[in-house]
Amino acid sequence: MDKKMTCISCPIGCELTVQLDENGKILKIEGNRCPRGVEYATHEIIDPKRVLTISVKVENGVMELASAKTDKPVPKNRLNEIIDFIKKLKIEAPIKRGDVIVEDILGTGANLVVTRTVKKRN
Amino acid sequence: MDVLVIGGGAAGLAAAIEAKNMGVKVLLLERDRSTGGVLNQCIHNGFGLHVFKKELTGPEFMEYLWEELGDLDEVIRSNYTVLKIDHINREVFTLSEEGIIVFEPKALIMATGARERSLNSLRIPGARVTGVYTAGVAQKMVNIYNRLPGKRVLIIGSGDIGLIMARRLKIEGMDVVGVVEIMPEPGGLIRNVVQCLEDFNIPLWLSHTVFEIHGNERLEGVTIGKVDENLNMIPGTEKYIKVDTLVASVGLIPQNELIENFVDVDQVNRGPVIDDFMRTSVEWIFAAGNNVAIHDLVDFVYEEGKIAGKFAALYALGEKLPEVKYEFKRGKNVGVMLPQRFTGTQPFKMYLRPRKSMSKSEVIFSGKTIRKFGWKIRPSEMIDLKITNFEQLPKEVIVEVNEIG
């Protein structure tokens, strides 16, 4: 069986064809222009994952929000749960880009990291 | 001052970084309170894969540029609006809290970016109600000001910002009914169709558009329907959708009001004609980024900014830059294309968009194949070509993209 998908590892978006046997085992991956395509297709078949980008509320900052991301892809089927968890968070300014807000978020192995520097409000 | 940069987005910051590294005195004027441009509100990732070899979010990419520039206060002047450029006397008139100041730079770099096309330009029947936003405005509300535009939203247009906003508004708890796209293909990157719509079960209706807007003061709903191959509405396909918010992602328009009256303008790109040094037809004025043509990737915009910064600095230092020797002319299937001229003195990158999708294709320069694509190319995805060999090219190079079997 052939499964078609678009690689989302980068904005080029290679169209991949994954050949699977009757047990769902990957036989061949075609259409990728770089090794990340193979990695993406493999994950997509076995355990699809995504990097989540989101905002976190900030108290006493020059902005009300800091943008944040998971530093590793997290399981796609747990995105909603992770989003709900992050929405309840509040962090205190000042914060620096790269600061870890939550380590190993909900046991996914990924950290939630701030992607923007927010200074303290005077 | 040697080099003046107008606009503090990715192109302008990159231009300022490079000009400063070349050892000239550079000043960057920004209209907003701080620089970064649209990167500031693009909190999703996918930036920097070419330039920094890693996947960054917009704010991270922006802060990397700030760090590369070093002392921001030395170079950047925020809250400055440029009123007029006198290209003959080489004067730039600005307005700020300091009043009207006239700069006389040796070289000027235009990095004014693009503006969003508004929904009004589509002439949809109905009142001009509250609740209709462009995608970029909705993005700024949500990502910068922590405000949601409403409760239930339809996105019109499947450009990248539209797709990204569909996901963003869903994550923030809005009911995202779907995305309508008038064309038979998505306008944005396929990657975004997958990770923004499919991942979040948001429907994409291709060959569909908004027929009518309902409501008097506040948006109450829209009528959507199908269009035929000539983009005419098909009667009988109408469907009423109750929404309080409509987000339009219907294209970007390069901003060139300051120079369009005196530089050569490319009507397809809707930006200045430029060469491989990012020079416009006026020798002391350079340009880079989305004001030259709409790009897909900030990485390419950054690279153009660096080129403009380098050659503007050399020009300001009094160096005689080579003259344009070759010209590109659009042939079959070529849409957006840059540069349109080149000197033939250095390798350079050419960017172009095919007019239609093709599964296998080749790019031809005056009858000679210079690149083959074994994968699908689309108008929504800009192609970049490295041009290193000019010897056998005629002075006027006809560029074509052909489908091959």
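Preceding this section is the structure that the text describes.
Residue numbers run consecutively from 1 along every chain, following the written order of its sequence. Chains and ligands are labelled sequentially in the order written, the chains with letters from A and the ligands with numbers from 1. Side-chain atom pairs in this predicted model are given and counted only at pLDDT of 80 or more, local residue features only at pLDDT of at least 70, and totals for whole chains, interfaces and linings cover all residues. The side-chain figures draw on all heavy atoms in the structure; neither hydrogens nor water molecules are used.

Points about helix H2 (residues 79-87) of chain A
Each full turn of the α-helix corresponds to 3.6 residues, which orients residues three or four apart in the same direction.
Item 1. Partly exposed describes any residue whose relative accessible area lies between the buried limit of under 20% and the exposed limit of over 50%, with all areas from a 1.4 Å probe on protein chains only and scaled to the type maximum. Numbering of helices and strands runs from the N terminus, with a helix taken as a DSSP run of H or I at least four residues long and a strand as a DSSP run of E at least two residues long. All of the buried residues along H2(A) are Leu79(A), Ile82(A), Ile83(A) and Ile86(A). Summarising the axial view, the buried residues of H2(A) lie within an arc of 100°, below the 170-degree limit, and thus occupy one face.
Item 2. Contacts from the buried residues of H2(A) go to strand S4 (49-50), strand S5 (53-59), strand S7 (74-75) and strand S10 (112-114) of chain A together with helix H5 (160-171) of chain B. The directions from the helix axis to the C-beta atoms form the arc being described. Residues are treated as being in contact if the distance between any of their heavy atoms lies within 4.5 Å.

Quick look at the interface of chain B and chain A
Interfaces are frequently sized by the accessible area removed from exposure as the parts join.
Item 1. Taken residue by residue, the interface counts 37 residues in chain B and 29 residues in chain A.
Item 2. Take the accessible area each of two parts loses on contact, using a 1.4 Å probe, and add the two losses: that sum is the buried area. Each partner contributes to the roughly 2900 Å² buried at the junction of chain B and chain A, and carbon and sulfur atoms together form 51% of this total.
Item 3. Linking Lys76(A) and Asp199(B) is a salt bridge whose minimum nitrogen-to-oxygen distance equals 3.3 Å.
Item 4. Residues adjacent in sequence count toward polar contacts only when both atoms are side-chain atoms; beyond that, a polar contact is any pair of N or O atoms within 3.5 Å, and within protein one must be able to donate a hydrogen and the other to accept it. Counting every contact that joins chain B to chain A gives 13 residue pairs in polar contact (both at pLDDT 80 or more).
Item 5. Sorting elements by how many residues they give to the side of chain B that touches chain A places helix H2 (residues 58-69) of chain B first, with 6 residues.
Item 6. Side-chain classes follow a simple rule in which Ala, Val, Leu, Ile, Met, Phe, Trp, Tyr, Cys and Pro form the nonpolar group, Asp, Glu, Lys and Arg form the charged group, and the remainder, Gly included, forms the polar group. Of the residues contributing to the side of chain B that touches chain A, the split by class is 15 nonpolar, 9 polar and 13 charged. Salt bridges are defined as contacts in which a side-chain nitrogen from Lys or Arg sits within 4 Å of a carboxyl oxygen from Asp or Glu.

Regarding the packing of aromatic side chains
Residue and element names in this part refer to chain B.
Item 1. Any two of the Phe, Tyr and Trp rings considered here, Trp counted by its six-membered ring, make a pair once their centres fall within 6.5 Å; the pair's planes then place it as stacked at under 30 degrees, edge-to-face at over 60, or tilted in between. Scanning all chains against the criterion turns up 16 aromatic pairs over all chains.
Item 2. Where Phe52 meets Tyr64, the ring centres are 5.0 Å apart and the plane angle is 70°; that geometry is what we call edge-to-face. Here Phe52 is found in the loop between strand S3 (45-47) and strand S4 (56-57), whereas its partner Tyr64 is found in helix H2, with 12 residues between them in sequence. One exposure class covers both Phe52 and Tyr64, and it is buried.

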